[in-house]
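A look at the structure
Listed here are the chains, written in short residue letters.
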Amino acid sequence: MRILLAILLLLLILLQYKLWLGEGGFTDIHRLEQRVAEQVLENEQLEQRNRELEAEVEDLRQGYDAIEERARSELGMIKEEEEFYQVVPAPAPPPDDKEQP
């Protein structure tokens, strides 16, 4: 009877080990669920980026306003008969080399 009880107890321990720590166990499932959640978040971010890029491409196809804006901001271009003013900030005064007593 004791041998049967010991065998059943050992079998229970092995099954519990496989359930909690083995392949396809709770820890494995939890890790996979975390990876799925991370992938879903990354996919949503990429879909948002794609929508923004599609809107920008459509805007570029529609008219010249977007092209003009991009030429002005990225290439520094100006139109004819426009005047360009560049404001340069004054240089910062050099730090004092004298030590305070």
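The notes below deal with the structure included here. (Residues numbered from 1 in each chain as written. Predicted model: local features only at pLDDT ≥ 70, side-chain atom pairs only at ≥ 80, totals over all residues. Heavy atoms only, no water.)

1. Examining unusual backbone geometry
With phi around 65 degrees, Glu81 is a residue other than glycine that occupies positive phi space. By the element assignment, Glu81 lies in the segment after helix H3 (64-75). Glu81 sits in the exposed class, given a relative accessible area of 83%. (Helix = DSSP H or I, 4+ residues; strand = E, 2+ residues; numbered from the N terminus. Buried < 20%, exposed > 50% of the residue type's maximum accessible area, 1.4 Å probe, protein only.)

2. Examining a negative patch on the surface
Together, Glu58, Asp59, Asp65 and Glu69 give the surface a local cluster of negative charge. Elements that contribute at least two residues to the negative patch include exactly helix H2 (26-62) and H3. Overall, Glu58 belongs to the partly exposed group, its relative accessible area being 39%. (Patch = residues over 30% accessible without salt bridge, like charges linked within 9 Å, V, L, I, M, F, W, Y side chains within 5 Å. Areas by Shrake-Rupley, 256 points an atom, 1.4 Å probe, with all protein chains shown as cover. Salt bridge = Lys/Arg side-chain N within 4 Å of Asp/Glu carboxyl O. Lys, Arg positive; Asp, Glu negative; His and termini not counted. Charge placed at Lys NZ, Arg CZ, Asp CG, Glu CD.)

3. Brief notes about the environment of Leu60
Within the secondary structure layout, Leu60 lies in helix H2. For Leu60, a relative accessible area of 30% puts it in the partly exposed group. Not counting chain neighbours up to four residues away, the residues in contact with Leu60 comprise Ala66 and Ile67. (Contact = heavy atoms within 4.5 Å.)

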